Amino acid sequence: MNSNPHNAAWSDFNDADDQCDFALIPPKTLAKVLMTLRPGGYDEPSQGWTGGYATRSAKTGAVYLNAKFTVLEGPFAKRVVFGLIGLYSPKGPEWGNMGRSFLRAILHSTRGIHPSDLSPQAQTARRIRSFADLDGIELVVCIDVEKDQNGEDKNVVKTAIQPDHKAYPALMGVTPRAPVAPGGFGGGAPAARSAPSYAPAAPTTVPVAPADSRVPARPAWAQ
């Protein structure tokens, strides 16, 4: 740190850069993101909500996961978008059902599971031990635009892009395998091990982070 008492950097701002005005990410933008959960401190063990990840609204009584999505690649890299994943609403089951559907799609996206895959491996991949398994995962999402409580436009994430989407392989950095039949992987043939419907491949037109030189541990959901 410069100890020069005559340094005017923090007292004279005439030469400071202009403030950056971030425009909204265009609606329907697909991006690979890192999802983290912002703990709200609400637990309900009977529902499986532990670890303080859930948030309960003092105003409405609704319970949700407050998710933060950080764009990893492309022109909007490092931009942050938020999204709520519904768990419960006193108004009825719709909020929770929408949240469960969203979480199912999130698991498909991060674990490379085709939505129509009914194999034992896919069913295992759709299970989590706790919300902690969702904190710090990478997936592909659709970024959209909606009005906030003040009527201003804001970016939100409400949709996860799954392996059946044509843009998924390039964005996630994988190569599609043979189509998955309703009975399981690759036309109903059982997989030799708990493997995703898509496997890592050489870099495509979308930049892929360098692979870790260590042997990866078996995914938690496949334990």
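Rules behind the numbers
- Residues numbered from 1 in each chain as written.
- Predicted model: local features only at pLDDT ≥ 70, side-chain atom pairs only at ≥ 80, totals over all residues.
- Heavy atoms only, no water.
- Helix = DSSP H or I, 4+ residues; strand = E, 2+ residues; numbered from the N terminus.
- Expected span 1.5 Å × (residues − 1).
- Buried < 20%, exposed > 50% of the residue type's maximum accessible area, 1.4 Å probe, protein only.
- Patch = residues over 30% accessible without salt bridge, like charges linked within 9 Å, V, L, I, M, F, W, Y side chains within 5 Å.
- Areas by Shrake-Rupley, 256 points an atom, 1.4 Å probe, with all protein chains shown as cover.
- Salt bridge = Lys/Arg side-chain N within 4 Å of Asp/Glu carboxyl O.
- Lys, Arg positive; Asp, Glu negative; His and termini not counted.
- Charge placed at Lys NZ, Arg CZ, Asp CG, Glu CD.
- Phe/Tyr/Trp six-rings, centres within 6.5 Å; stacked < 30°, edge-to-face > 60°.
- Contact = heavy atoms within 4.5 Å.
- Pairing = 2+ DSSP bridges.

Focus on helix α1 (residues 94–111)
Right, on to step 1. Here α1 spans 26 Å end to end across 18 residues, near enough to the 26 Å set by a 1.5 Å rise per residue.
Right, on to step 2. For α1, the complete set of buried residues consists of G96, G99, F102, L103, A105, I106, L107, H108, S109 and R111.
Right, on to step 3. Backbone geometry just after α1 places G112 at a positive phi near 70°.

Observations concerning a negative patch on the surface
Right, on to step 1. Together, D12, D15, D17 and D18 make up a region of like negative charge exposed at the surface.
Right, on to step 2. Position of D18 relative to the elements: it lies in the segment before β1 (29–37).
Right, on to step 3. Judged by its relative accessible area of 70%, D18 falls in the exposed class.

Brief notes about the packing of aromatic side chains
Right, on to step 1. Scanning the entire structure with this criterion turns up 1 aromatic pair.
Right, on to step 2. Considering the side-chain rings of W10 and F13, the 6.4 Å spacing of their centres and the 70° angle between planes classify their relative orientation as edge-to-face.

Details of the side chain of S89
Right, on to step 1. Mapped onto the elements of the fold, S89 is located in the loop between β5 (80–88) and α1.
Right, on to step 2. The exposure class of S89 is buried, given its relative accessible area of 13%.
Right, on to step 3. Those residues in contact with S89 that lie beyond four places of it in its chain are A62 and W95.

A word on the pairing of strand β6 (residues 137–147)
Right, on to step 1. Here 7 bridges tie β1 to β6, and the two strands are oriented antiparallel to one another. From the neighbouring strand, V33 faces β6, where its bridge partner is L139.
Right, on to step 2. Summarising the sheet, β6 and strand β7 (residues 153–161) pair through 8 bridges and their orientation is antiparallel. Bridging across to β7, V145 finds its partner in N155.

Quick word on unusual backbone geometry
Right, on to step 1. In the Ramachandran plot, K28 falls in the positive-phi region, its phi being about 70° despite a non-glycine side chain.
Right, on to step 2. Checked against the element boundaries, K28 lands in the segment before β1.
Right, on to step 3. Here the phi dihedral of K78 falls at roughly 80°; this positive angle occurs in a residue that is not glycine.
Right, on to step 4. Along the chain, the position of K78 falls in the loop between β4 (63–71) and β5.
Right, on to step 5. On the basis of relative accessible area, K78 is assigned to the exposed category, the value being 75%.

The values reported here are purely geometric and, on their own, carry no functional implication.
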